[in-house]
Amino acid sequence: MTLEALERGASARIVSVDWDRLAPEEGARLRALGIDEGACIGMAHRGVFGGRDPLAITVGRMTVALRRIHAAAMEVEPV
């Protein structure tokens, strides 16, 4: 499943990221924040308008806002 499909409150591990779907600077930003293969994340919140952008995920003690297009490039497995 992709990260965008993860339910609110659920936790997962990032299995793979299709870096080619993202601009190089976006990929560098995500990696700098610890969002990469093997990272454990949680879905904290979804956008207020029908689950649209942004998605808020937790990575460690940080909460990071992601666009759905970024989340769609990440394969996750529930933990």
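Residues numbered from 1 in each chain as written. Predicted model: local features only at pLDDT ≥ 70, side-chain atom pairs only at ≥ 80, totals over all residues. Heavy atoms only, no water.

**Q** Could you give an account of the overall build of the chain, naming the residues involved and the relevant values?
**A** When its secondary structure is counted, the chain shows 2 helices and 5 strands. Going from the N terminus to the C terminus, the chain shows its helices and strands as β-α-β-β-β-α-β. Taken over the C-alpha trace, the chain has a radius of gyration of 11 Å; the compact-globule value for 79 residues is 12 Å, and the two agree within 12%. Expressed as lengths along the three principal axes of its C-alpha atoms, the size of the chain is roughly 30 × 25 × 25 Å. Buried residues in the chain amount to 37% of all 79 residues. Pairs at least 24 residues apart make up 60% of the contacts formed inside the chain by residues separated by at least 6 positions. About 4,600 Å² of surface is accessible on the chain, with carbon and sulfur atoms providing 53% of the total. One finds the centroid of the 10 positive side-chain charges in the chain at a distance of 7 Å from the centroid of its 11 negative side-chain charges. (Helix = DSSP H or I, 4+ residues; strand = E, 2+ residues; numbered from the N terminus. Rg over C-alpha atoms; globule rule 2.2 N^0.38 Å. Buried < 20%, exposed > 50% of the residue type's maximum accessible area, 1.4 Å probe, protein only. Contact = heavy atoms within 4.5 Å. Areas by Shrake-Rupley, 256 points an atom, 1.4 Å probe, with all protein chains shown as cover. Lys, Arg positive; Asp, Glu negative; His and termini not counted. Charge placed at Lys NZ, Arg CZ, Asp CG, Glu CD.)

**Q** Account for the sheet that holds strand β4 (residues 62–66), with residues named and values stated.
**A** Spatial strand order, β4-β3-β2-β1-β5: 5 strands in an open sheet with antiparallel pairing. Bordering the open sheet on either side are β4 and β5 (74–78), each of which pairs with just one other strand. Shown here is a sheet whose adjacent strand axes are inclined to one another by a mean of 40°, direction ignored. Examined bridge by bridge, strand β2 (residues 40–45) and strand β3 (residues 55–59) share 4 bridges and lie antiparallel to one another. Considered in β3, the bridge of Ile41 is made with Val59. (Pairing = 2+ DSSP bridges. Axes fitted to C-alpha atoms, helices over the stretch in contact; angles between N-to-C directions.)

**Q** Before we move on, can you summarise the side chain of His70 with the specific residues and values?
**A** Positionally, His70 belongs in helix α2 (residues 68–71). Judged by relative accessible area, His70 falls into the buried class, the value being 6%. A distance of 3.4 Å separates polar atoms of two side chains, one belonging to His70 and the other to Glu26. With near-sequence residues (within four places) excluded, His70 lies in contact with Leu22, Glu26 and Leu30. (Polar contact = N/O pair within 3.5 Å; in protein donor to acceptor, adjacent residues only side chain to side chain.)

**Q** Which residues make up the nonpolar core, and what are the values?
**A** With 21 residues, the main nonpolar core has Leu3, Ile14, Ile35, Ile41, Ile57, Leu66 and Met74 as its most contacted residues. Those elements that provide at least two residues to this core are β1 (11–17), β2, β3, β4 and β5. Leave out the neighbours within four places in its chain, and Ile35 touches Ile14, Trp19, Leu30, Ile57, Val59, Val64, Leu66 and Met74. (Core = buried A, V, L, I, M, F, W, Y, C linked by side-chain atoms within 4.5 Å.)

**Q** I'd like a rundown of the pairing of β3, residues and numbers included.
**A** Taking burial as the measure, the 5 residues of β3 include 4 buried ones, the bulk of the element. Pairing geometry for β3 and β4, over 5 bridges, is antiparallel. Across the sheet, the residue bridging to Val59 is Met62, located in β4. Counted between consecutive antiparallel strands, the loop separating β3 from β4 contains 2 residues, among which Gly60 sits at a positive phi close to 65°.

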